[in-house]
Amino acid sequence: MTLLTFAKLAWTLGVVAWFVLRLPFQRKARRAGVADARRRNLREMVLLTISTCGLGVVPAIYASSGFPASLSYAPSPLQVGAGVVVFLAALWLFWRTHSDLGRNWSVTLELRESHKLITTGVYSRVRHPMYSAFFLWALAQALLLPNLVAGLSGFVGFGILYFFRVGEEEAMMREAFGAEYDAYCARTKRVIPFIC
Ligand code: SAH
């Protein structure tokens, strides 16, 4: 197996593992009713589609066909090794965020019935650790796929979702939890502990 084949396989397995990990949490969260779905709108759907293209569709086209070949370069073993380690870290963090958020999780911005504000576990350090995990996926993609378009599309796609969503999400949480959320914001950062 060449290094390139191994790197593409590692990216594919990482993405499959991501969705397999999510399955039991998805089933549990679905059973919890939705109290407020005002923000589940066209804007959200467009953002989710852009993110799916960047983290899934564009890299999958490259991994299966090599397109766009003119923007590919030779990968180094160090880069690929780092990509595997970062994807494993992303998967671990993703699993932790789901186990901490439990039934309060949703794909689109919404509030569950008797929604609880979670401020413990990985949520005690940053307010958006699941988005941190997605950024780690994007970093792993950039390291594992030696192609400028497929490698960087994850950052572009998820970055757009993040920058247009995070303010809305925090406004929704502030509306629901008021001073409790303000206090939580005062002692945490968004995605990187102690930094931002
Ligand atoms: N932004 C968070 C959660 C992503 S899932 C993260 O990156 O970890 C999106 C849903 O999670 C939102 O619809 C919101 O209802 C819920 N949510 C976000 N932060 C939360 C928190 N601290 N406690 C409980 N629910 C939260």
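Here the structure is shown first, and the text comes after it.
Residues numbered from 1 in each chain as written. Predicted model: local features only at pLDDT ≥ 70, side-chain atom pairs only at ≥ 80, totals over all residues. Heavy atoms only, no water.

### What to know about the overall build of the protein
Okay, so step 1: Looking only at helices and strands, the protein features five helices and two strands.
Okay, so step 2: Counting helices and strands in the order they occur from the N terminus, the protein gives α-β-α-α-β-α-α.
Okay, so step 3: Relative to the compact-globule value of 16 Å for 196 residues, the protein shows a C-alpha radius of gyration of 18 Å, a close match.
Okay, so step 4: Taking the principal axes of its C-alpha atoms as reference, the protein extends roughly 55 × 35 × 30 Å.
Okay, so step 5: Sorting the 196 residues of the protein into buried and exposed places 46% on the buried side.
Okay, so step 6: Counted over contacts in the protein with a minimum sequence separation of 6, partners at least 24 positions apart contribute 81%. (Helix = DSSP H or I, 4+ residues; strand = E, 2+ residues; numbered from the N terminus. Rg over C-alpha atoms; globule rule 2.2 N^0.38 Å. Buried < 20%, exposed > 50% of the residue type's maximum accessible area, 1.4 Å probe, protein only. Contact = heavy atoms within 4.5 Å.)

### Examining the state of the cysteines
Okay, so step 1: A full pass over the atoms with the stated rule returns zero disulfides.
Okay, so step 2: Just so you know, C196 is unpaired, no disulfide at all, and the nearest cysteine sulfur is the one on C185, 14 Å from it.
Okay, so step 3: For C196, a relative accessible area of 41% translates into the label partly exposed. (Disulfide = S-S within 2.5 Å.)

### Side note on the site of the ligand
Okay, so step 1: As a matter of local geometry, the ligand sits amid 21 residues, with E110, I118, Y123, H128 and E169 nearest to it.
Okay, so step 2: A distance of 3.4 Å separates an oxygen atom of the ligand from a polar backbone atom of P129.
Okay, so step 3: Measuring from an oxygen atom of the ligand, one finds a backbone N or O atom of Y131 at 3.0 Å.
Okay, so step 4: Protein burial of the ligand: of its 540 Å² of free accessible surface, 99% is covered by the chains.
Okay, so step 5: In this structure the site holding the ligand corresponds to the largest pocket. (Near = heavy atom within 4 Å. Polar contact = N/O pair within 3.5 Å; in protein donor to acceptor, adjacent residues only side chain to side chain. Areas by Shrake-Rupley, 256 points an atom, 1.4 Å probe, with all protein chains shown as cover. 1 Å grid on protein atoms, 1.4 Å probe; cavity = no way out; pocket = protein on both sides within 12 Å on 5 of 7 lines; lining within 4 Å. Sits in = over half its atoms within 2 Å of the grid points.)

### Notes on the packing of helix α3 (residues 77-101) against helix α4 (residues 129-144)
Okay, so step 1: It is at 8 Å that the axes of α3 and α4 come closest, and there the two elements cross at 165°. In terms of orientation, α3 lies roughly antiparallel with respect to α4. When the axes of α3 and α4 are compared, the crossing they make is left-handed.
Okay, so step 2: Partitioned by chemical class, the residues of the contact of α3 with α4 number 21 nonpolar, five polar and no charged. (Axes fitted to C-alpha atoms, helices over the stretch in contact; angles between N-to-C directions. Parallel < 35°, antiparallel > 145°, perpendicular 65-115°, else oblique. Left-handed = near helix turned anticlockwise from the far one by under 90°. Nonpolar A, V, L, I, M, F, W, Y, C, P; charged D, E, K, R; others polar.)

### Notes on the packing of aromatic side chains
Okay, so step 1: Counted under the stated rule, the structure contains 14 aromatic pairs.
Okay, so step 2: Ring-pair connections join several aromatic residues into one group, and the members of that group are W18, F19, F87, F94, Y131, F134, F135, W137, F158, Y162 and F163.
Okay, so step 3: Directly above the ring of Y62 sits K8, whose terminal nitrogen or CZ lies 4.7 Å from the centroid. (Phe/Tyr/Trp six-rings, centres within 6.5 Å; stacked < 30°, edge-to-face > 60°. Lys NZ or Arg CZ within 6 Å of the ring centre and 35° of its normal.)

### Brief notes about the layout of surface pockets
Okay, so step 1: Counted as a void, the largest pocket has a volume near 730 Å³.
Okay, so step 2: Along the walls of the largest pocket sit 36 residues, with W105, S106, M130, Y131 and R165 positioned nearest its centre.
Okay, so step 3: Looking at the lining of the largest pocket, the elements with two or more residues in it are α1 (3-31), α2 (42-65), α4 and α5 (148-186).
Okay, so step 4: For the lining of the largest pocket, the element with the most residues is α5, which contributes eight residues.
Okay, so step 5: Looking at side-chain class alone, the lining of the largest pocket contains 21 nonpolar, nine polar and six charged residues.
Okay, so step 6: Considered as a void within the structure, the second largest pocket measures approximately 210 Å³ in volume.
Okay, so step 7: Contributing to the lining of the second largest pocket are L93, V122, R125, V126, P129, S132, F135, V191, I192, P193 and C196.
Okay, so step 8: Tallied by class, residues from the lining of the second largest pocket come to nine nonpolar, one polar and one charged. (Points joined across faces, edges and corners; volume = space filled by probe spheres on them.)

### Some details on the nonpolar core
Okay, so step 1: Within the largest apolar cluster, 47 residues are counted, with the highest numbers of intra-cluster contacts made by W18, F87, F134, W137 and F158.
Okay, so step 2: Listed by contribution, the elements that provide at least two residues to this core are α1, α2, α3, α4 and α5.
Okay, so step 3: Here this core takes eleven residues from α5, the largest share from any one element.
Okay, so step 4: W137 has contacts with W11, V15, W18, F19, L55, F87 and A90, leaving out every residue within four places of it along the chain. (Core = buried A, V, L, I, M, F, W, Y, C linked by side-chain atoms within 4.5 Å.)

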